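# Structure at a glance
Listed below, chain by chain, are the residues.
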Amino acid sequence: MPEQRTAATDPPTAADGATGGEGTGGEGTAPPAVRVEGLWKRFGEQIAVSGIDLVLPAGRFIGLVGPNGAGKTTTLSMMTGLLRPDQGRIRIAGHDVWADPVAVKSRIGVLPEGLRMFERLSGRELLAYSGRLRGLPGDQVDQRATQLLDVLGLAGAQHKLVVDYSTGMRKKIGLASALLHNPEVLFLDEPFEGVDPVSAQTIRGVLERYTASGATVVFSSHVMELVESLCDWVAVMAQGRIRAQGPLAEVRGDAPSLQSAFLELVGAQGTDTGASLDWLGGGNGTGR
Ligand SMILES: Nc1ncnc2c1ncn2[C@@H]1O[C@H](COP(=O)(O)OP(=O)(O)OP(=O)(O)O)[C@@H](O)[C@H]1O
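Residues numbered from 1 in each chain as written. Predicted model: local features only at pLDDT ≥ 70, side-chain atom pairs only at ≥ 80, totals over all residues.

Put simply, the test is: UniProt positions are given in the numbering used here, feature names are shortened, and annotations may be inferred rather than shown by experiment.
Looking at an unreviewed UniProt entry, one finds the chain named ABC transporter ATP-binding protein, with Streptomyces qinzhouensis as its source organism. Its UniProt record gives the chain a comment under Subcellular location (unreviewed entry), which states: "Cell membrane".

Shown next as structure tokens:
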């Protein structure tokens, strides 16, 4: 098992200008967007999340990366109040997810994995429903919904039922719904999966603009090139543990790319890349 990258696993200090004491209220000392302490989750014999600590500063574009089964979705589900931890504490912008759920839910937007939506609503009806559920006035919901549908290229499909949307369209209407109330922190589980390059570029633009205004995006992905080009902060997870966290450049270290740093951090270098599958391909007519 590789060692943790010590410099990058230390929580950021006030000197980073990124975080400070929890709700101390002083200038430049806003609480981090997310603070996780001693978080555990077990499913039967399987430990999905193994006592992790994380500090994700506000105003950053943050990537949570890790191989399949690392515990990313489980962690995001606990951060957003969708799954109760066995042990540990999570605070969003200084508010405890389980002790103060209303304060937390009003501050976050969530695009979960395998998003369940009210599929018999049209895209526009779904946004109207989400906005009203968030307590926004009707005219504001209408205005924001129109703008989001336009920007995300869904205006032409706004009256179509969500059940008839493609995978990418579902991601986009889910994102619109998560952004409608202008949350402080946006959690996205694999937001670019199934999204075409043009739509991905649009989503990217929307998210970059959103973080530039001081909001925080936390998203999970396996696609290192994407994380490297979008994020300024990353947390690397493997086997339920945090292997590294910190500014992208620090986590990447001397490695030529985030991909190489990632392989080293998760201990996947030298993994069998399929050489043992010597029967595969070649068209030699044997063993088929
Ligand atoms: N509801 C569940 N019941 C049993 N085991 C679960 C459940 N949810 C997750 N796990 C297990 O917990 C571990 C972490 O899963 P998780 O979905 O959090 O990983 P992930 O990093 O999001 O993976 P991927 O990138 O493949 O989506 C895996 O071993 C998974 O099988």
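Read on for the rest.
### Describing the overall build of the chain
Spelled out, the test is: A run of DSSP states H or I qualifies as a helix once it reaches four residues; a run of E qualifies as a strand once it reaches two. Both are numbered from the N-terminal end. With C-beta atoms placed from the backbone, the exposure class of a residue follows from how many other C-beta atoms lie within 10 Å of its own: 20 or more, buried; 12 or fewer, exposed; in between, partly exposed. Note on contacts: each residue gets a C-beta atom placed from the backbone, and two residues are in contact if those atoms are within 7 Å.
For the chain, the helix and strand inventory stands at ten helices and ten strands. With 288 residues in all, the chain has 42% of them scored as buried. For the chain, contacts bridging at least 24 residues in sequence account for 67% of all contacts bridging at least 6.

### Focus: the pairing of strand β8 (residues 216-221)
Heads up, the rule is: Here a strand pair is declared whenever DSSP counts at least two bridges between the two strands. The handedness rule is simple: strands pointing away from the viewer, and a clockwise path from the first strand over the helix to the second, make the crossover right-handed.
Counting buried residues in β8 gives six out of six residues, a clear majority hidden from the surface. The alternating pattern of β8 places Thr 216, Val 218 and Ser 220 on one face and Val 217, Phe 219 and Ser 221 on the opposite face, and all of these are buried. The sheet contact formed by strand β3 (residues 61-65) and β8 spans five bridges and is parallel. Looking at β8, one finds that Phe 61 is bridged to Val 217. The pairing of strand β7 (residues 185-189) with β8 spans five bridges and is parallel. Of the residues in β8, the one forming a bridge with Asp 189 is Ser 220. Read as a crossover between parallel neighbours, the route from β7 over helix α7 (residues 197-212) to β8 is right-handed.

### A word on the UniProt feature "domain: ABC transporter" (unreviewed entry) in the chain
Look at the UniProt record and you will see "domain: ABC transporter" (unreviewed entry) annotated at residues 34-264. Its end C-alpha atoms 26 Å apart, residues 34-264 is made of 38% helix and 27% strand.

### Comments concerning helix α6 (residues 167-179)
In plain terms, the rule: Take the residue count of a helix, subtract one, and multiply by 1.5 Å to get its expected span.
For α6, built from 13 residues, the straight-helix expectation of 18 Å at 1.5 Å per residue is met to within 8% by its first-to-last C-alpha distance of 18 Å. In terms of burial, α6 is a largely internal element, ten of the 13 residues being buried. Buried residues along α6 sit in contact with β6 (108-111), α4 (123-133), α5 (138-151), β7 and α7.

### Description of the environment of Ala 48
Tracing the sequence through the fold places Ala 48 in strand β2 (residues 46-56). With 21 C-beta atoms counted inside 10 Å, the residue Ala 48 sits in the buried group.

### Some remarks on the sheet that holds strand β1 (residues 34-43)
Read from one edge to the other, the open sheet built from four strands follows the order β2-β1-β4-β5, with strand pairing classed as antiparallel. Strands at the two margins of the open sheet, each flanked by one partner only, are β2 and β5 (95-96).

### Re the nonpolar core
Worth spelling out the cut-off: Think of a nonpolar core as buried Ala, Val, Leu, Ile, Met, Phe, Trp, Tyr and Cys residues chained together by C-beta atoms that fall within 7 Å.
Among the nonpolar cores identified, the biggest contains 75 residues, and Val 234 and Val 236 are the most heavily contacted of them. Other than its neighbours up to four places away in sequence, Val 236 contacts Val 65, Gly 66, Arg 243, Ala 244, Val 251, Phe 262, Leu 265 and Val 266.

### Some points on unusual backbone geometry
For Ala 93, which is not glycine, the phi torsion reads 50° and is therefore positive. Counting through the fold element by element, Ala 93 comes out in the loop between β4 (87-92) and β5. The phi angle at Asn 182 is positive, at roughly 50°, despite the residue not being glycine. With respect to the secondary-structure elements, Asn 182 resides in the loop between α6 and β7. What makes Asn 182 partly exposed here is the crowd of 13 C-beta atoms within 10 Å.

### A closer look at the site of the ligand
The condition is simple: A molecule or strand has a residue near it when that residue's C-beta atom, placed from backbone coordinates, lies within 6 Å of it. Asp, Glu, Lys and Arg are counted as charged, while Ala, Val, Leu, Ile, Met, Phe, Trp, Tyr, Cys and Pro are counted as nonpolar; the rest, among them Gly, fall into the polar class.
Around the ligand, the structure places Phe 43, Gln 46, Ala 48, Gly 66, Asn 68, Gly 69, Ala 70, Gly 71, Lys 72, Thr 73, Thr 74 and His 222. Residue assignment for the shell around the ligand shows that the elements contributing at least two residues are β2 and α2 (72-79). With three residues, the top contributor of residues to the shell around the ligand is α2. Of the residues in the shell around the ligand, the class split is three nonpolar, eight polar and one charged.

### Notes on the environment of Leu 154
Note that Leu 154 resides in the loop between α5 and α6. When sequence neighbours within four positions are dropped, the list of residues in contact with Leu 154 reads Gly 123, Leu 149, Met 169, Lys 172 and Ile 173.

### Quick look at the sheet that holds β3
Short version of the rule: Axis definition: a line fitted to C-alpha atoms, limited for helices to the stretch in contact. Angles are taken between N-to-C directions and run from 0 to 180 degrees.
What the six strands build is an open sheet, ordered β6-β7-β8-β3-β9-β10; its pairing is mixed. Because the sheet does not close on itself, it has two edges, and the strands there are β6 and β10 (241-247). Across this sheet, the average inter-strand angle for adjacent strands is 15°, counted without regard to direction. On top of the sheet, α2 reaches β3, β7, β8 and β9 (233-238); it is set at about 150° to β7, its chief contact.

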